[in-house]
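Breakdown of the fold
The residues making up each chain are set out below.
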Protein chains: 2
Amino acid sequence: MRAYNFSAGPSTLPLDVLKEAQRDLLDFANTGMSVTEISHRNKAFSQIVEEGESLLRELLQIPDDYAVLFVQGGASTQFAAVPLNLMHNGKADYVVTGNFAKKAFEEGKIYGDAACVASSADQTYTYIPDLTQIPFRKGTDYVHICSNNTIFGTRYIDFPQTETPLVADMSSEILSREIDVRRFGVIYAGAQKNLAPAGVTLVIAKRSLIQNPLGICPTMLQWKVQDENGSLYNTPPCFSIYVAVLVLRKLKQMGGIAAINEINEYKAGLLYDFIDNSKFYTNNVVKKYRSIMNVPFVTPNAELDDAFLKGAAKEGLVSLKGHRLVGGMRASIYNAMPVEGVKSLIGYMKKFEKDNA
Amino acid sequence: MRAYNFSAGPSTLPLDVLKEAQRDLLDFANTGMSVTEISHRNKAFSQIVEEGESLLRELLQIPDDYAVLFVQGGASTQFAAVPLNLMHNGKADYVVTGNFAKKAFEEGKIYGDAACVASSADQTYTYIPDLTQIPFRKGTDYVHICSNNTIFGTRYIDFPQTETPLVADMSSEILSREIDVRRFGVIYAGAQKNLAPAGVTLVIAKRSLIQNPLGICPTMLQWKVQDENGSLYNTPPCFSIYVAVLVLRKLKQMGGIAAINEINEYKAGLLYDFIDNSKFYTNNVVKKYRSIMNVPFVTPNAELDDAFLKGAAKEGLVSLKGHRLVGGMRASIYNAMPVEGVKSLIGYMKKFEKDNA
């Protein structure tokens, strides 16, 4: 029986995408080869990469002066790539709103004067600082934010106005809501939440910003090199890119980002409304900043949390355990989580409350 | 119809491995989740990583004081990781025997005094230099070689005795023949030839050598960090690692490296014998150094090469086009290429010669 999988990442993929990938795993596009076996120089595969870029440009309305890249590894590798491509003056501001924002900041410090100019650590990252009040420093190379915080379940509503390019890690919310790409210098996103199996990261970068990577930047981390080679400088993570394209095709068929955003708001609304109307479950994120992708919550105590998780797994509601930094539960309800999955979760939450309140 | 796929990489995988992966693509280990959807923190997945390490240690007889790591991306990323982890004295020797050996050398120069101490460029990389005669420099951090040269079809027979650690890129021959790991400080190999779908690279590194990466080394490229975290520092390329384990299980069932090496020698022998006995086909690699993984060859002229490739594709013998640097044909006959595939190729070569000689 297929589970409803609330994992924060790797996470659930659309069932029809999986079925298509399953079919192609023995014979891709009548080549007599698996999609995992075909050379990345084969036209049948390079077309996949081109289609992926084209679909992303269309869905996210990415201007032509931005590169769209599929790079290897996860967002953690990009934590280094950001300063290595951009930090010409050796100075960058970071806003620390969670675990990965902090990791990006720590990595930035390796390469220059990275400063944390705002943080929500004082309240266990349960809000996003008001960035209209933040004194961003002069002469920085960029300002870095993480737009959705997977572990703590927050997201930005407004993006800051910055004099230097805004760089955003959107790993856990890319393609879930409309964004104005022009507001950003660079957007990057590990694939394993809303896009594809782990192993590939999407980078959207204004081309004028990426022409001079630092001298110490590994060739493979140079966005310019990836752009000049159409993401095919070396053998890319072909299977992940291929599944990304299946996911993007499906998103387009569904009506694009506006349509999926509406569904996401609806799913998150169902869950938050239920939690807010309950005296048993709590989500302690400042309402305005609640993520529509990651919904952390707790029962009245840790023993009940454990019992909740065990019972949920028996009902086929899996990977609901919260991150060790916050405990309790977390329902990651990415694009691919069906409305029925959220409804099933709420049904179980009701029953568990009734049995244990 | 399944093709015989002679691609240099991504390349053919064992059919039964693909069938198993296909089954698990909808439900892995009765979790109700695809192997691409399961959290890397889930025990069912972390056991896969542990099994992979354990099988590699057994198959390659890797000593306990060596780390066995699954890292993100391809060997090209490791071209930078090698100096970034090892180049404490800022000095390394490189032996340049082909395209990727050269790329590794170029990358080394970014980080210090990398010198090409021997090369076979004078004869279009058709041999391996005699390294008993090479004056390796004093005080280097390592000597870097590429043990099998995918494009030019050569391989090392003896490995050089070096005072400083020997680092080997074994991407296109890992697991194809027995090696004495103790002869090496570090071995690395992109997966997409003999191990798994692209996106993961195997690193085998003597732990005492990797404790002090350079200060500018990105965290994700630090082998020490990957070792301390059991290759799970961040979300790994789960699907590639999982398929690697299926491949390793199969290798063990087949009798391990000695058994597959025998088959590989047999397959390569069939093909080289046929070429050597033909007046129509030529392989110009010095015989002693011929690769048993990659077999480049030409017909008497480029027009016939083109006709050969077109005809081969019609017979289901695909991805035989040689690299643009050498032209002609190249048959990559990795572990997963069945003996029947090589025999079919020879059958077609005979027929083509008869029709065109």
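Definitions and cut-offs
- Residues numbered from 1 in each chain as written.
- Chains lettered and ligands numbered in written order.
- Predicted model: local features only at pLDDT ≥ 70, side-chain atom pairs only at ≥ 80, totals over all residues.
- Heavy atoms only, no water.
- Helix = DSSP H or I, 4+ residues; strand = E, 2+ residues; numbered from the N terminus.
- Rg over C-alpha atoms; globule rule 2.2 N^0.38 Å.
- Buried < 20%, exposed > 50% of the residue type's maximum accessible area, 1.4 Å probe, protein only.
- Areas by Shrake-Rupley, 256 points an atom, 1.4 Å probe, with all protein chains shown as cover.
- Lys, Arg positive; Asp, Glu negative; His and termini not counted.
- Charge placed at Lys NZ, Arg CZ, Asp CG, Glu CD.
- Salt bridge = Lys/Arg side-chain N within 4 Å of Asp/Glu carboxyl O.
- Least-squares fit on C-alpha atoms with pLDDT ≥ 70 in both.
- Contact = heavy atoms within 4.5 Å.
- Pairing = 2+ DSSP bridges.
- Axes fitted to C-alpha atoms, helices over the stretch in contact; angles between N-to-C directions.
- Phe/Tyr/Trp six-rings, centres within 6.5 Å; stacked < 30°, edge-to-face > 60°.
- Lys NZ or Arg CZ within 6 Å of the ring centre and 35° of its normal.
- Buried area = accessible area lost by both parts, 1.4 Å probe.
- Polar contact = N/O pair within 3.5 Å; in protein donor to acceptor, adjacent residues only side chain to side chain.
- Nonpolar A, V, L, I, M, F, W, Y, C, P; charged D, E, K, R; others polar.
- Parallel < 35°, antiparallel > 145°, perpendicular 65-115°, else oblique.
- Left-handed = near helix turned anticlockwise from the far one by under 90°.
- pLDDT = per-residue confidence, 0-100.
- 1 Å grid on protein atoms, 1.4 Å probe; cavity = no way out; pocket = protein on both sides within 12 Å on 5 of 7 lines; lining within 4 Å.
- Points joined across faces, edges and corners; volume = space filled by probe spheres on them.

**Let's talk about the overall build of chain A**
Within chain A one finds nine helices and 13 strands. Here chain A has a C-alpha radius of gyration of 21 Å; the compact-globule value for 357 residues is 21 Å, and the two agree. Oriented by its inertia axes, the alpha-carbon framework of chain A measures out at about 60 × 60 × 30 Å. The 357 residues of chain A split such that 65% are buried. For chain A, the accessible surface area stands at approximately 13100 Å², while carbon and sulfur atoms represent 48% of it. For chain A, the distance from the average site of its 37 positive side-chain charges to the average site of its 37 negative ones is 3 Å.

**Here we look at the pattern of salt bridges**
One pass over the structure, following the stated rule, counts 38 salt bridges over all chains. Residue R2(B) pairs with E37(A) through a salt bridge whose shortest N-O separation is 2.7 Å. With R2(B) in the segment before β1 (4-5) and E37(A) in the loop between α1 (15-24) and α2 (43-60), this residue pair bridges two chains. Look at R2(B) and you get partly exposed, because its relative accessible area is 28%. Residues R290(B) and D276(B) are paired through a salt bridge, measuring 2.8 Å at the closest nitrogen-oxygen approach. Placement of R290(B) in the loop between α7 (256-276) and β11 (294-297) and of D276(B) in helix α7 is noted, with a sequence separation of 14 residues between them. The class of D276(B) is partly exposed, set by a relative accessible area of 33%. One salt-bridge network, held together by shared partners, links E20(A), E51(A) and R249(A).

**Details of the relation of the copies chain B and chain A**
Overlay of chain B on chain A (RMSD 0.0 Å): rotation 180 degrees, translation along the axis 0.0 Å. Given the turn and translation reported, the copies of this chain are related as if by a two-fold rotation axis. Of all interface residues in chain B, 100% are interface residues in chain A too; the two copies therefore contact each other through one and the same surface.

**Structural notes on the sheet that holds strand β3 (residues 91-96) of chain B**
All names here are of chain B. Strand order in the open sheet formed by seven strands is β2-β10-β9-β8-β5-β3-β4, with mixed pairing between adjacent strands. Across the chains shown, the open sheet's two edge strands, defined by having one partner strand only, are β2 (66-72) and β4 (113-119). Direction aside, neighbouring strands of the sheet carry axes that sit 20 degrees apart on average. Two strands pair when backbone bridges link them, and strand β8 (residues 166-169) and strand β9 (residues 186-190) are joined in this way by three bridges, in the parallel orientation. Paired with A168 across the bridge in β9 is I187. Where helix α3 (residues 75-86) meets the sheet, it contacts β2, β3, β5 (142-146), β8, β9 and β10 (200-206), and its direction lies at approximately 160 degrees from that of β9.

**Remarks on the packing of aromatic side chains**
In the structure shown here, the tally under the stated rule is 35 aromatic pairs over all chains. Aromatic pair F28(B) and Y242(B): ring centres 5.7 Å apart, planes at 80 degrees, arrangement edge-to-face. Taken together, the positions of F28(B) in the loop between α1 (15-24) and α2 (43-59) and Y242(B) in helix α6 (residues 238-253) put the pair 214 residues apart, joining distant regions of the chain. Here the aromatic cluster, defined as three or more aromatic residues joined through ring pairs, consists of F274(A), F280(A), Y281(A), F297(A), F308(A), Y348(A) and F352(A). Its end group placed over the ring of Y233(B), K103(A) keeps NZ or CZ at 4.6 Å from the ring centre.

**Here we look at the interface of chain B and chain A**
Each partner contributes to the interface: chain B provides 58 residues, whereas chain A provides 58 residues. Both sides together, the interface formed by chain B and chain A hides about 4200 Å², and carbon and sulfur atoms give 57% of it. The interface formed by chain B and chain A includes 17 residue pairs in polar contact (both at pLDDT 80 or more). Residue assignment for the side of chain B that touches chain A shows that the elements contributing at least two residues are α1, α3, α4 (99-111) and α6 of chain B. Counted by class, the side of chain B that touches chain A contains 28 nonpolar, 24 polar and six charged residues.

**Overview of the sheet that holds strand β4 (residues 113-119) of chain A**
Residues and elements named next belong to chain A. Strands sit in the order β2-β10-β9-β8-β5-β3-β4 across an open sheet of seven strands; the sheet is mixed. The open sheet has two edge strands, β2 (66-72) and β4, and neither has a second partner. Across the sheet, the mean angle separating the axes of adjacent strands is 20 degrees when strand polarity is ignored. Taken together, the five bridges between strand β9 (residues 186-190) and strand β10 (residues 200-206) define a ladder with antiparallel strand orientation. Within β10, the position partnered with I187 by the bridge is I204. Contacts from helix α3 (residues 75-86) reach β2, β3 (91-96), β5 (142-146), β8 (166-169), β9 and β10 within the one sheet, and its direction differs from that of β9 by about 160 degrees.

**With respect to the packing of α1(A) against helix α6 (residues 238-253) of chain A**
Residues and elements named next belong to chain A. Running from N to C, α1 and α6 cross one another at 135 degrees; their axes reach a closest spacing of 10 Å. In terms of orientation, α1 lies oblique with respect to α6. The way α1 lies across α6 gives a crossing that is right-handed. Together, D16, V17, E20, A21 and D24 of α1 and F239, Y242, V243, L246, V247, R249 and K250 of α6 make up the contact between the two elements. Among the residues making up the contact of α1 with α6, the classes are represented as seven nonpolar, no polar and five charged.

**Considering the confidence of the model for chain A**
With 100% of its residues at a pLDDT of at least 70, chain A reaches an overall mean of 97. Reported confidences for the modelled complex are a pTM of 0.97 and an ipTM of 0.97.

**Focus on empty space enclosed by the protein**
This model, assessed by the stated rule, comprises four cavities of 30 Å³ or more. Of the voids in this model, the largest cavity is the one considered here, and its volume is about 130 Å³. Every residue lining the largest cavity is counted, 14 residues in all, and those nearest its centre are Q72(A), T77(A), Q72(B), T77(B) and L221(B). If you list the elements that add at least two residues to the lining of the largest cavity, you get β2 and α3 of chain A together with β2 and α3 of chain B. Residue classes in the lining of the largest cavity are distributed as six nonpolar, eight polar and no charged.

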